[in-house]
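Next come the chains, spelled out residue by residue.
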Amino acid sequence: MTALLEMDDLHYRYPGSPAPALNGATLRLEAGEKVVLIGRNGSGKSTLLLHSNGILRPQRGQVWVAGQPMSYQQRSLREWRRQVGLIFQHPDDQLFSASVAQDISFGPLNLGLSEEAARQRVAKAAEQCGVTDLLERPTHALSGGEKTRVALAGVLAMEPLVLLADEALANLDPWMRLQLIAIFEHLVAQGKTVLLATHDLPLARTWAGRVVVMDDGRVVADGPPQHIFTDPATLERTGLDCVVAQAGNRIDSIDR
Ligand SMILES: Nc1ncnc2c1ncn2[C@@H]1O[C@H](COP(=O)(O)OP(=O)(O)O)[C@@H](O)[C@H]1O
Ligand SMILES: [Mg+2]
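Here we summarise the structure given alongside this text.

What counts, and at which threshold
- Residues numbered from 1 in each chain as written.
- Chains lettered and ligands numbered in written order.
- Predicted model: local features only at pLDDT ≥ 70, side-chain atom pairs only at ≥ 80, totals over all residues.
- Heavy atoms only, no water.
- Helix = DSSP H or I, 4+ residues; strand = E, 2+ residues; numbered from the N terminus.
- Rg over C-alpha atoms; globule rule 2.2 N^0.38 Å.
- Buried < 20%, exposed > 50% of the residue type's maximum accessible area, 1.4 Å probe, protein only.
- Contact = heavy atoms within 4.5 Å.
- Areas by Shrake-Rupley, 256 points an atom, 1.4 Å probe, with all protein chains shown as cover.
- Lys, Arg positive; Asp, Glu negative; His and termini not counted.
- Charge placed at Lys NZ, Arg CZ, Asp CG, Glu CD.
- Salt bridge = Lys/Arg side-chain N within 4 Å of Asp/Glu carboxyl O.
- Near = heavy atom within 4 Å.
- Polar contact = N/O pair within 3.5 Å; in protein donor to acceptor, adjacent residues only side chain to side chain.
- Nonpolar A, V, L, I, M, F, W, Y, C, P; charged D, E, K, R; others polar.
- Pairing = 2+ DSSP bridges.
- Axes fitted to C-alpha atoms, helices over the stretch in contact; angles between N-to-C directions.

Right, let's talk about the overall build of the protein for a bit. Along the protein, the regular secondary structure elements total ten helices and ten strands. Relative to the globule expectation of 18 Å for 256 residues, the C-alpha radius of gyration of the protein, 18 Å, shows essentially globular dimensions. Taking the principal axes of the C-alpha coordinates as reference, the protein spans close to 55 × 40 × 40 Å. With 256 residues in all, the protein has 51% of them scored as buried. The long-range share in the protein, meaning contacts at least 24 apart out of those at least 6 apart in sequence, stands at 67%. If you sum the accessible surface of the protein, you get close to 12,400 Å²; carbon and sulfur atoms cover 51% of it. Averaging the positions of the 25 positive and the 29 negative side-chain charges in the protein gives two centres separated by 3 Å.

The structure is reproduced here in C-alpha cells:
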C-alpha cells in the first residue's frame, strides 16, 4: 500500500549547530491513521514535522507524498503543502496576513480556486474551528489559543490528505480540545491521516492508534499505545519507563 507521507532516513543539522537535529529519522504514514508523536524536548519532533511539507530540506534522505518523491521547486512546494498541512508549534510563526479572514483564505486563493469556492472553504473551516466571529480581527490581536485555531482553519481550508499538528492542543481550553479532536476524528473517518506531536500521554494512550517515539533525532519506537506503554523492553529503550511509572495512575484512570 502506498503511504500518504513517507519521510525516509532524514538527516538535518541546523546551520552553526554542533549536533544534528535529525539523525536518520524515518516515518511512514498510511491512510486513515491516528498517530501521536512523543519524545523529550530536543528529540527532533518539530524538526521532523518541518520536513513533512518542505519547510526544511533534508541534507540526506527523501520525503515522499502519495508515492511521489518531493522536490523543492516553488511549484512542487505549493502542491505539496496542499496535500500535507502542518500546524506549527508557535502559531506566531504561521500567521502572517493582516486579518484572520485573509490568513485563512491565503491558501485556497493560492490554489487557483474561484473567489466563491475559496470563500466557502474559508467559511466552513472557520466554522469548524470556532473562529467565525474572529474573521475580521487582526491576527496580532488574538490569544494563543485563538491563533492556533486560526492556523488550523487555514490548514483545513486546504483540505489536506495529512494533517500534522505540533503541540497545537497545548494552549487550548478543554472544550476546544474536544472540538478539535472531533475534527480530527472526522478527517480520519474520511481516510485522511492525523499526527499530533504532544507531551499528553493520556491522549496518546486513549486517542492514538499508533504512538511514535523520537529520541536523539530518530524514531526509536513505533507501535500501538498498548505496546509502547506496557512492553518493558520498549519502555526502557525509549526512556519512558520512569515517566509512565510516575504518570501511571493518571493514565490508567482515563483508560477505557
Ligand atoms: N532553529 C534552530 N536552530 C538551531 N538549532 C535548533 C533550532 N531548532 C531546534 N534546534 C535544535 O535541534 C534539536 C531538535 O529540536 P526540536 O526539533 O525542536 O525538538 P523537539 O520538537 O522534539 O523539542 C535540538 O537540539 C534543538 O536545540
Ligand atoms: Mg518541538
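According to the stated counting rule, one finds 13 salt bridges in the structure shown. Among the salt bridges present, the one from E30 reaches R28, with a minimum N-O distance of 3.1 Å. Assessed through its relative accessible area of 33%, R28 is described here as partly exposed. Note that K34 is salt-bridged to E185, the shortest N-O span being 2.9 Å. Linking K34 in strand β3 (residues 34–38) with E185 in helix α6 (residues 174–189), this pair joins segments that are 151 residues apart in sequence.

So, about the site of ligand 1. Every residue near ligand 1 is listed here: Y14, A21, R40, N41, G42, S43, G44, K45, S46 and T47. Contact distances for ligand 1 include 2.7 Å between an oxygen atom and a backbone N or O atom of G42. Considered class by class, the residues forming the shell around ligand 1 number two nonpolar, six polar and two charged.

Our focus in this paragraph is helix α3 (residues 100–110). Of all the residues in α3, the buried ones are V100, D103, I104, S105, G107 and P108. Among the structural elements, α4 (115–128) and α5 (144–156) are those in contact with the buried residues of α3. One or two residues past the end of α3 sits G112, with phi positive at roughly 85 degrees.

With respect to topology, six strands assemble into an open sheet ordered β6-β7-β8-β3-β9-β10, the strand pairing being mixed. Two strands bound the open sheet, and with one partner strand each, they are β6 (84–87) and β10 (218–223). Averaged over all pairs of adjacent strands, the angle between their axes in this sheet comes to 20 degrees, without regard to strand direction. Both strand β7 (residues 162–166) and strand β8 (residues 193–197) contribute to a ladder of five bridges, which runs parallel. Paired with L164 across the strands is L195, a residue of β8. Sheet strands in contact with helix α2 (residues 74–83) are β6 and β7, and its direction is about 75 degrees off that of β6.

With that settled, the discussion passes to the pairing of strand β4 (residues 60–65). Direction of pairing for strand β1 (residues 5–12) relative to β4: antiparallel, over a ladder of five bridges. By the bridge assignment, E6 is partnered in β4 with W64. Both β4 and strand β5 (residues 68–69) contribute to a ladder of two bridges, which runs antiparallel. Bridged to V65 within β5 is Q68. Between the antiparallel neighbours β4 and β5 lie two residues, among them A66 with a positive phi of about 50 degrees.

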